[in-house]
Amino acid sequence: MFSTQRFRPRRAAAGLAVTLALASGGWLDSSVALADPGARFLVISGAGSSNISVLGLDEAGRLSTVPGSPFPSGTGSLAVAVTPDGRHVYSANTVSGTVNGFRLSGDGVLTPIPEANLELGAPGVGAVVAPDGKRLYVTSGSVTNEIRTYSITATGGLVFTGAVKVPGVSGLNQMAISPDGRFVFAVGWLQATTFSFAVGPDGELSLVDSVPAGLMSTLPGVTPDGRFIYVSNEASGSISGYAIGADGKLSPVPGSPFSTGLMSLPHAAQFTADSRRMYIAEAMAGKIGGYEIAENGSLSPLPGAPYAAPAGTLPGRVVVDSESQRVFLVDTLTTGITARVHPYTMAPDGRLTPTGEQSVDTGLIFADGANAVVAVQR
């Protein structure tokens, strides 16, 4: 049975006492007082269903299903984003054409935020939250896309502040943001282009650079140190890597693009906290790619890579948890209908091996896109 105690580090008791003391003094609102400092969750959305799954994540990296999960949401989510304090979750939905916001409690329960349930007037595609938690960026559209900027209120509501067009017929733009919040990146699946936008003082975006990527380019990932961005080229079977300049301009790293094999369908690069290793789902190959990142950004395979996914699954996304030294593989499609999460252990040399623990059912159908993130409550 799910127990919130499993997901709290030992420091949580002291943190909770401080939170309650502040709340009793009237310094925090009720939504903040309900937060559970140290609680950790894996939040996943479904592109083929109308719900979001929340799994409890303890210090050792063991997963458990939160009662009531998956929770109702918009239909066709291709992106889910969480604020840095782990208290608010946002989903961009292609079919319903909405953005939906939720409060994430210390028990892992999602509660809708009425002020963050917005009609986009077009399919919702990508979503990222600024590192300071003050803004949400959403891409919407079909053949052409725009990036919409929202201010996030203290209670998690969204206030529209402006939009900028993504040049050309880029389509299905997924996003990433630099760790310092100075740049937003969008990748054009149709146009095979990576775009870089500078973030102004009020959150407004201005185009800085656009560089070629491979065919069906998507799902960019920025290293935690902010030095490099890597893009999955699904049809090209490759990964494009770029160095991020101080002005936001992008330069290909030596050896880019890096082949992942013919028709491997690479999907969504993820990184260890030290920015030294990268893991990526290879959907059609049924594997997880693993790479060491050199000082200049070039990639070389980790020992034993690529690593086999369980039989009967189509790998869609990996999530790296550096705290527990685990990698979680999320199905996009599976013979079991609903997507499952499969845990792997990271060895000191980066090699992945299955933990032997049973995979966990998300209750989602077709979990695709930038759809999975670890939420840590602070």
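Residues numbered from 1 in each chain as written. Predicted model: local features only at pLDDT ≥ 70, side-chain atom pairs only at ≥ 80, totals over all residues. Heavy atoms only, no water.

Visitor: Any chance you could explain the sheet that holds strand β12 (residues 158-165) here in plain terms?
Guide: Strand order across the open sheet formed by 4 strands is β9-β10-β11-β12, with antiparallel pairing between neighbours. Unpaired on one side and paired on the other, β9 (124-129) and β12 mark the two borders of the sheet. Averaged over all pairs of adjacent strands, the angle between strand axes in this sheet comes to 20°, irrespective of strand direction. In the sheet, strand β11 (residues 145-152) pairs with β12 via 7 bridges, with the strands oriented antiparallel. Considered in β12, the bridge of Ile152 is made with Leu158. (Pairing = 2+ DSSP bridges. Helix = DSSP H or I, 4+ residues; strand = E, 2+ residues; numbered from the N terminus. Axes fitted to C-alpha atoms, helices over the stretch in contact; angles between N-to-C directions.)

Visitor: Help me understand the confidence of the model for the protein chain, please; the structure alone is not making it clear to me.
Guide: Residues shown with low pLDDT carry predicted positions that ought not to be read at fine detail. Looking at the protein chain, the pLDDT average stands at 90 and 90% of residues meet or exceed 70. Here residues 1-33 is modelled with pLDDT under 50, and outside its nearest four sequence neighbours on either side it reaches 43 contacts, counting other chains as well. (pLDDT = per-residue confidence, 0-100. Contact = heavy atoms within 4.5 Å.)

Visitor: Would you explain the sheet that holds strand β14 (residues 183-188) in this entry?
Guide: Strand pairing within a sheet occurs via backbone hydrogen bonds; the two strands may be parallel or antiparallel. Strand order in the open sheet formed by 4 strands is β13-β14-β15-β16, with antiparallel pairing between adjacent strands. Looking at the sheet topology across the chains shown, the edges are occupied by β13 (174-177) and β16 (205-212). Averaged over all adjacent pairs, the angle separating strand axes in this sheet is 25°, with direction ignored. Here β14 runs beside strand β15 (residues 193-199); their pairing, made up of 6 bridges, is antiparallel. Residue pairing for β15: Gly188 is matched across the bridge by Thr193.

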